[in-house]
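Listed here are the chains, written in short residue letters.
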Amino acid sequence: ASLSSLIGFAVGLLAAGWAAGRLRSRIWAFGAFFCAVPLVLLLAPPVVNNAANNYLRASLRVSSATQKVRKEYVEWQASLGWNIPRERAFATGVGPGNYQINIGPYYGGLPNEEKMPPDSNNLYLVQAVSLGALGLGALLWTIGHFFGMAWRVARSRADDWLAAALVGALVSWFFVNLFDAMIVRGAGLILAFFFALAVVAARESRNPEAKEDVQQEA
């Protein structure tokens, strides 16, 4: 229902299409994008409930009912204030779970008239404050490692839709977490599932005969 999720969906489709090796696969992926995005925008409002519609309309605006700039964007600036190199916790962070109590002093003259909407933090800023530059670097390296694994398989095997789909999924996940924090509340299992599928795709690319045996047994 949010703008970021719709854009993430579109970006993921484009990434999957680009990763696909065959021209026909790219045409299908790009065709799905150009058909699905307008369809979602046209059909979603009558189908979903009023609360979801209101959330979608609110996500299209930078301002809110009480502030010229919504609270989540204001908090980005407060988080950046904490993540300056002169802070002692710049490298290792303030510890998991200590994010909110440490960025408060950095609001200063920033507007702070409304509460933060649930699950609307920027994941990468939260990790930078909580785990420092080293923790954020480790997270980005891990995502990049499995993304590279899926990308190499997709480029080397034109018929491997699993790898191409994983490229799109990881790109979508990375984008959506600019406006959300999907590692918390159990949703981090989704990322672990993507990593596991990337390993499966890489193993199948190294041993295609095993894949054919499994398909025949099925």
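Since the structure is predicted, the reported quantities are computational estimates derived from the model, not experimental observations.

Here is what the cut-offs are and how they apply
- Residues numbered from 1 in each chain as written.
- Predicted model: local features only at pLDDT ≥ 70, side-chain atom pairs only at ≥ 80, totals over all residues.
- Heavy atoms only, no water.
- Helix = DSSP H or I, 4+ residues; strand = E, 2+ residues; numbered from the N terminus.
- Buried < 20%, exposed > 50% of the residue type's maximum accessible area, 1.4 Å probe, protein only.
- Contact = heavy atoms within 4.5 Å.
- Areas by Shrake-Rupley, 256 points an atom, 1.4 Å probe, with all protein chains shown as cover.
- Expected span 1.5 Å × (residues − 1).
- Core = buried A, V, L, I, M, F, W, Y, C linked by side-chain atoms within 4.5 Å.
- Phe/Tyr/Trp six-rings, centres within 6.5 Å; stacked < 30°, edge-to-face > 60°.
- Arc of directions from axis to C-beta.

A.B. asks: Sorry if this is basic, but what is going on with the overall build of the chain here?
C.D. replies: Tallying secondary structure elements over the chain gives nine helices and zero strands in all. Reading the chain from its N end, one meets helices and strands in the order α-α-α-α-α-α-α-α-α. For the chain, the proportion of its 218 residues judged to be buried stands at 38%. Pairs at least 24 apart in sequence give 75% of the contacts found in the chain among residues at least 6 apart. Accessible area for the chain stands at about 12,800 Å²; split by element, carbon and sulfur atoms hold 65% of it.

A.B. asks: Explain the environment of arginine 88 to me, please; I cannot follow it from the model alone.
C.D. replies: Summarising the element assignment, arginine 88 is placed in the loop between α4 (71–82) and α5 (99–103). Judged by relative accessible area, arginine 88 falls into the exposed class, the value being 85%. Along the chain, arginine 88 and glycine 132 lie 44 residues apart, while their C-alpha atoms are 9.8 Å from each other.

A.B. asks: Please explain helix α8 (residues 188–206) as it appears in this structure.
C.D. replies: Since the α-helix advances by 3.6 residues per turn, residues separated by three or four positions end up pointing in the same direction. Its 19 residues place the ends of α8 28 Å apart at the C-alpha level, agreeing with the 27 Å of an ideal helix rising 1.5 Å per residue. Against α6 (123–156) and α7 (161–176) lie the buried residues of α8.

A.B. asks: Looking at this structure, I do not really get the nonpolar core. What am I missing?
C.D. replies: Grouped together as the largest cluster of nonpolar side chains are 30 residues, with contacts concentrated most on Leu123, Ile143, Trp173, Leu191, Phe194 and Phe195. Secondary-structure elements contributing two or more residues to this core are α1 (3–19), α6, α7 and α8. Tallying contributions element by element places α6 first for this core, with 11 residues. Every residue in contact with isoleucine 143, bar those within four places of it in the chain, is listed here: Trp173, Leu191 and Phe195. The next biggest cluster of nonpolar side chains, apart from the first, holds 10 residues, and it includes Ala89, Val94, Tyr99 and Val126.

A.B. asks: I keep staring at the packing of aromatic side chains and nothing clicks. Help me out?
C.D. replies: In this description, a pair of aromatic rings is defined by centroid distance and the angle of the planes. Scanning the entire structure with this criterion turns up six aromatic pairs. Measuring from ring centre to ring centre gives 4.9 Å for tyrosine 124 and phenylalanine 174, while their planes differ by 35°; the resulting arrangement is tilted. Of the two residues, tyrosine 124 sits in helix α6 while phenylalanine 174 sits in helix α7, which places them 50 residues apart along the sequence.

A.B. asks: Explanation requested: α4 in the structure shown.
C.D. replies: If you check α4, its first and last C-alpha atoms are 17 Å apart, about what 12 residues at 1.5 Å a residue would give, namely 16 Å. Of all the residues in α4, the buried ones are Lys71, Glu72, Val74, Glu75, Ala78, Ser79, Gly81 and Trp82. Down the axis of α4, the buried side of the element spans an arc of 155°, and every buried residue falls inside it. Counted as exposed and oriented over 90 degrees from the buried face of α4: Gln77 and Leu80. Here the buried face of α4 lies against α5 and α6.

A.B. asks: Looking at this structure, how should I read the side chain of glutamine 127?
C.D. replies: Position of glutamine 127 among the secondary structure elements: in helix α6. Judged by relative accessible area, which is 15%, glutamine 127 ranks as buried. Other than its neighbours up to four places away in sequence, glutamine 127 contacts Gly132, Leu136 and Leu139.

A.B. asks: For this particular structure, what's the right way to read the side chain of serine 79?
C.D. replies: On the secondary structure map, serine 79 appears in helix α4. Those residues in contact with serine 79, other than ones at most four positions away along the chain, are Tyr99, Ile103, Leu125 and Val129.

That's the geometry; what it means functionally is another story.
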